[in-house]
Amino acid sequence: AASNNKNKMKNIIQVFGRKKTSIAVAVVKGPGSGFIRINGTPIDLIEPEILKFKVFEPLFLMGEAGFGDIDIRIRVKGGGYVSQIYAIRQAIARGIVKYFEKFVSEAKRAEIRNIFLNYDRTILVGDSRCSEPKKAGGKGARSKYQKSYR
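Notes on the structure follow. (Residues numbered from 1 in each chain as written. Predicted model: local features only at pLDDT ≥ 70, side-chain atom pairs only at ≥ 80, totals over all residues. Heavy atoms only, no water.)

Another point: the overall build of the protein chain. Along the backbone of the protein chain there are 5 helices and 5 strands. Expected size for 150 residues packed as a compact globule is a radius of gyration near 15 Å; at 20 Å, the protein chain overshoots this value by more than 25%. Projected onto its principal axes, the C-alpha positions of the protein chain cover 85 × 35 × 30 Å. Looking at the protein chain residue by residue over its 150 residues, the buried ones come to 33%. Counted over contacts in the protein chain with a minimum sequence separation of 6, partners at least 24 positions apart contribute 68%. Accessible surface computed for the protein chain: about 9800 Å², of which carbon and sulfur atoms make up 54%. For the protein chain, the centre of its 29 positive side-chain charges and the centre of its 13 negative side-chain charges are spaced 12 Å apart. (Helix = DSSP H or I, 4+ residues; strand = E, 2+ residues; numbered from the N terminus. Rg over C-alpha atoms; globule rule 2.2 N^0.38 Å. Buried < 20%, exposed > 50% of the residue type's maximum accessible area, 1.4 Å probe, protein only. Contact = heavy atoms within 4.5 Å. Areas by Shrake-Rupley, 256 points an atom, 1.4 Å probe, with all protein chains shown as cover. Lys, Arg positive; Asp, Glu negative; His and termini not counted. Charge placed at Lys NZ, Arg CZ, Asp CG, Glu CD.)

Have a look at this one:
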């Protein structure tokens, strides 16, 4: 009975992607059927329509052949539409690279990583820019209320 459980065991990796205040956590499982779900909905139904291509970028760069047997589930929260899309994109790319590193081969991982980095560095490396906190004496982070002498 123990050997049957080992055959059914899946290779699982958990990674995250960040952009501003959005955090996307991706659970990559393999071998699977190649489906991707974001907060329970299929990746095809993602909104806004214009940014859908950004989410598919890691998959297009990899090619269909290398991706077919991986399932990805993504939970995303925080931020706005655009930053969530970029967080999802980063989580997918990081998950694929990590999965190939751990369960396939180091050479294949390096190849995929180079493809991603040559295309766009932020697909794997986080963008550390964030909005600056508001300070006292003004309406924003840097602006101050107008000063009057009389």
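With that out of the way, let us pick up the sheet that holds strand β5 (residues 71-77). Across the sheet, which stays open at both edges, the 5 strands sit in the order β1-β2-β5-β3-β4 with mixed pairing between neighbours. In this open sheet, the two strands that pair with only one neighbour each are β1 (11-19) and β4 (41-42). Two elements, strand β2 (residues 22-30) and β5, share 7 bridges in a ladder whose sense is antiparallel. Paired with I23 across the bridge in β5 is K77. Sheet contacts for helix α4 (residues 81-104): β1, β2, β3 (36-38) and β5; angle to β1, the most-contacted strand, approximately 145°. (Pairing = 2+ DSSP bridges. Axes fitted to C-alpha atoms, helices over the stretch in contact; angles between N-to-C directions.)

When we look at burial in helix α2 (residues 52-62), the residues that qualify are K52, V55, F56, E57, P58, L59 and M62. Just downstream of α2 lies G63, where phi reads positive at about 90°.

Another point: unusual backbone geometry. Of the consecutive residues G30 and P31, the connecting peptide bond is found in the cis state with omega at -10°. Structurally, P31 can be placed in the loop between β2 and β3. Note the cis peptide between E47 and P48, where omega equals -10°. Note on placement: P48 falls in the loop between β4 and α2. A positive phi is found at K20, a non-glycine position, where the angle reads about 50°.

Another point: the packing of aromatic side chains. Counted under the stated rule, the structure contains 4 aromatic pairs. Relative to F100, the ring of Y99 has its centre 6.2 Å away and its plane inclined at 75°; by these criteria the two rings are edge-to-face. Residues Y99 and F100 agree in their burial class; the two are buried. An aromatic cluster of three or more residues is present, and its members are F53, F56 and F60. Between the NZ or CZ atom of K19 and the centre of the ring of Y86, over which it lies, the distance is 5.6 Å. Against the face of F16 rests R94, its NZ or CZ located 5.5 Å from the ring centre. (Phe/Tyr/Trp six-rings, centres within 6.5 Å; stacked < 30°, edge-to-face > 60°. Lys NZ or Arg CZ within 6 Å of the ring centre and 35° of its normal.)

Within the largest apolar cluster, 32 residues are counted, with the highest numbers of intra-cluster contacts made by I72, I74, I88 and I92. Counting residues per element, the ones that place at least two in this core are β1, β2, β3, α2, β5, α4 and α5 (106-119). Broken down by element, this core gets its largest block of residues, 10 residues, from α4. Excluding anything up to four places from it in sequence, I74 contacts A24, V25, A26, I36, R37, I38, N39, I88 and I92. (Core = buried A, V, L, I, M, F, W, Y, C linked by side-chain atoms within 4.5 Å.)

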